[in-house]
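Structure at a glance
Listed below, chain by chain, are the residues.
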Amino acid sequence: REGIMAALIAENIGVATHYRPIYEQKFYREKYGLDPKNWPNCEKISRRLFSIPLSTGMTEKDVDDVVDGLNKVLNFYRK
């Protein structure tokens, strides 16, 4: 994930991580005593996810730039 994110940023595509497992969030961890061992799929998935630009304010060119950047980077990593 980190390599793909760095490559997308180098292509001027803003990416970020947003989806932390619920048990990593202090409120839920303390209130419900959530244990990461009980959520193996959540852990696995959250370590692989990242967000790409998504907004109703994006122009067609913005969307094309994101798609082109994703295609370029993902094609490189497929090799």
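The preceding data block contains the structure.
Model, not experiment: these values are computed from the prediction.

Structural notes on the packing of aromatic side chains
Taken as a whole, this structure holds three aromatic pairs when the rule is applied. An angle of 85° between the planes, with centres 5.0 Å apart, marks the rings of Phe27 and Tyr28 as edge-to-face. Residue Phe27 is classed as exposed on the basis of its relative accessible area, which comes to 52%. Residue classification places Tyr28 among the partly exposed residues on the basis of a relative accessible area of 32%.

Brief notes about helix 4 (residues 60–78)
The first and last C-alpha atoms of helix 4 sit 26 Å apart over 19 residues, in line with the 27 Å expected at 1.5 Å per residue. Regarding helix 4, the residues found buried are Val66, Gly69, Leu70 and Val73. What you see down the axis of helix 4 is that its buried residues fit within an arc of 100°, all on one side. Along helix 4, the residues that are exposed and aim more than 90 degrees away from the buried face are Glu60, Lys61, Lys72 and Arg78. Check the buried side of helix 4 and you find it contacts helix 1 (2–10).

A closer look at unusual backbone geometry
With phi around 65°, Asn12 is a residue other than glycine that occupies positive phi space. For Asn12, the location among the structural elements is in the loop between helix 1 and helix 2 (26–32). The exposed category is assigned to Asn12, whose relative accessible area is 71%.

With respect to the pattern of salt bridges
Across all of its chains, the model carries seven salt bridges by this definition. The partner of Glu11 in a salt bridge is Lys72, and the shortest N-O contact between them spans 3.0 Å. In this pair, Glu11 is assigned in the loop between helix 1 and helix 2 and Lys72 in helix 4, connecting sequence segments 61 residues apart. Accessibility expressed as a relative area gives 32% for Glu11, which makes it partly exposed. For Glu43, the salt bridge goes to Arg47, with nearest N and O atoms at 3.1 Å.

Parameters at a glance
Residues numbered from 1 in each chain as written. Predicted model: local features only at pLDDT ≥ 70, side-chain atom pairs only at ≥ 80, totals over all residues. Heavy atoms only, no water. Phe/Tyr/Trp six-rings, centres within 6.5 Å; stacked < 30°, edge-to-face > 60°. Buried < 20%, exposed > 50% of the residue type's maximum accessible area, 1.4 Å probe, protein only. Helix = DSSP H or I, 4+ residues; strand = E, 2+ residues; numbered from the N terminus. Expected span 1.5 Å × (residues − 1). Arc of directions from axis to C-beta. Contact = heavy atoms within 4.5 Å. Salt bridge = Lys/Arg side-chain N within 4 Å of Asp/Glu carboxyl O.

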